[in-house]
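# Structural description and commentary
Read off the chains here:
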Amino acid sequence: MSISHAPPGVSESDISVISKDGEAPPELEPLVPSSARRTRVPRWLRRTSGPLLLLALWQLLSSTGVLPSDVLASPGRIAQVAGDLVADGSLPSAMGTSLRRVAAGLLLGTVIGTGLALVAGLFRIGEDLVDAPVQMLRTVPFVGLIPLFIIWFGIGEAPKVAIITLGVTFPLYLNVYAGIRGVDAQLIEAGESLGLSRWGLVRHVVLPGALPGAMTGLRYSLGIAWLALVFAEQVNADAGIGFLMVQARDFLRTDVIVVCLIVYAFFGLLADFIVRSLERLLLQWRPTFTGR
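Report on the accompanying structure. (Residues numbered from 1 in each chain as written. Predicted model: local features only at pLDDT ≥ 70, side-chain atom pairs only at ≥ 80, totals over all residues. Heavy atoms only, no water.)

### What to know about empty space enclosed by the protein
This model, assessed by the stated rule, comprises one cavity of 30 Å³ or more. Residue lining of the largest cavity: I146, I150, I155, P159, K160, I163, A232, V235 and N236, and that is the complete set. Counting only elements with at least two residues in the lining of the largest cavity, the list comes to helix 7 (146-153) and helix 8 (157-181). At three residues, the largest contribution of residues to the lining of the largest cavity is made by helix 8. Partitioned by chemical class, the residues of the lining of the largest cavity number seven nonpolar, one polar and one charged. (1 Å grid on protein atoms, 1.4 Å probe; cavity = no way out; pocket = protein on both sides within 12 Å on 5 of 7 lines; lining within 4 Å. Points joined across faces, edges and corners; volume = space filled by probe spheres on them. Helix = DSSP H or I, 4+ residues; strand = E, 2+ residues; numbered from the N terminus. Nonpolar A, V, L, I, M, F, W, Y, C, P; charged D, E, K, R; others polar.)

Laid out in structure tokens, this is it:
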């Protein structure tokens, strides 16, 4: 018997899927996005496949003679040289010296850049006094100041740390300053309506709102710090990774140069990993899109 009228609570569209025998309609399968139906490959495998393929291609070109050893040493030769440098202690000593220089420059640059950004971002008079000179100085290439730093500080550790400090200061200043001035004004008004004092607004509203920008600036500053270290250690250095590179350049040792570049890259990736871990720890309150 067919159904001619819809019972209470049942629409005409529901009736259209009910068979004449009174049987329930078949269960509907949920729609699954095409991105979720793809085969899940471990992310660590996806991230390492590219470098491994490049390494295999490099070894193949070196083995077949397409890439001569005097132009670029093979991966096997570079691994052997790296082991020799570690065994005789020259590479660990150079790494320790370079790390101390970067740590000192990063610490000074972070304190100076963040301090200037807080003064310029929180106070209008601070912005009038600080922002214009900083914007003028940041347009000067810090590498071009190396001769001046040598005249001022000599050829010891001071000019090297000063170059790194200068390279770190400006990116951090710009991002922290932009983060402070990018805080939603409605949040400030809401905090004032709740009776927060000026320090309370800074502590509970402004600084948390500026923290994402500060983390971005820190990541960028770390990259600049290692770049500045490369230039700093090319000038009258008697220790450090850059010193090893200068010696290798004089003796046409491309294998040692590549080992030093790999160490620079490893330190850069390690520093970026540390900052990203800090972001996940400090910015848990901020939901973000992580890709698909």
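Let's pick the thread back up.
### Describing the packing of aromatic side chains
In this structure the tally under the stated criterion is seven aromatic pairs. On the basis of an interplanar angle of 45 degrees and a centroid distance of 6.0 Å, the ring pair of F149 and W152 is categorised as tilted. With a gap of three residues between them, F149 and W152 both fall in helix 7, about one helical turn apart. On the basis of an interplanar angle of 90 degrees and a centroid distance of 6.3 Å, the ring pair of W152 and F153 is categorised as edge-to-face. Accessibility expressed as a relative area gives 42% for F153, which makes it partly exposed. (Phe/Tyr/Trp six-rings, centres within 6.5 Å; stacked < 30°, edge-to-face > 60°. Buried < 20%, exposed > 50% of the residue type's maximum accessible area, 1.4 Å probe, protein only.)

### A look at the pattern of salt bridges
What the rule picks out here adds up to six salt bridges. The salt bridge partner of D272 is R219, with a shortest N-O separation of 2.9 Å. In this pair, D272 sits in helix 12 (residues 254-282) while R219 sits in helix 10 (residues 198-232), placing the two residues 53 residues apart along the sequence. For R219, a relative accessible area of 31% gives the class partly exposed. Salt bridges linked by common partners bring R77, R253 and D255 together as one network. (Salt bridge = Lys/Arg side-chain N within 4 Å of Asp/Glu carboxyl O.)

### Quick notes on the packing of helix 8 against helix 10
Their axes nearest at 7 Å, the elements helix 8 and helix 10 cross at an angle of 155 degrees. One element, helix 8, and the other, helix 10, form an angle in the roughly antiparallel class. Crossing hand, helix 8 versus helix 10: right-handed. (Axes fitted to C-alpha atoms, helices over the stretch in contact; angles between N-to-C directions. Parallel < 35°, antiparallel > 145°, perpendicular 65-115°, else oblique. Left-handed = near helix turned anticlockwise from the far one by under 90°.)

### Focus: the nonpolar core
Within the largest apolar cluster, 53 residues are counted, with the highest numbers of intra-cluster contacts made by I163, I164, Y173, W226 and I241. Of all the elements in the fold, those that place two or more residues in this core are helix 4 (75-87), helix 5 (90-122), helix 6 (124-138), helix 7, helix 8, helix 10, helix 11 (241-250) and helix 12. For this core, the element with the highest residue contribution is helix 10, accounting for twelve residues. (Core = buried A, V, L, I, M, F, W, Y, C linked by side-chain atoms within 4.5 Å.)

### Some thoughts on the environment of S69
Inspection of the secondary structure assignment puts S69 in the loop between helix 3 (43-63) and helix 4. Using a relative accessible area of 59% as the deciding quantity, one classes S69 as exposed.

### Some thoughts on the environment of G105
Secondary-structure assignment places G105 in helix 5. Classification of G105 as buried rests on a relative accessible area of 0%. C-alpha of G105 to C-alpha of I164: the two residues are 59 residues apart in sequence and 4.9 Å apart in space. In contact with G105, not counting residues within four places along its chain, are V161, I164, T165 and V168. (Contact = heavy atoms within 4.5 Å.)

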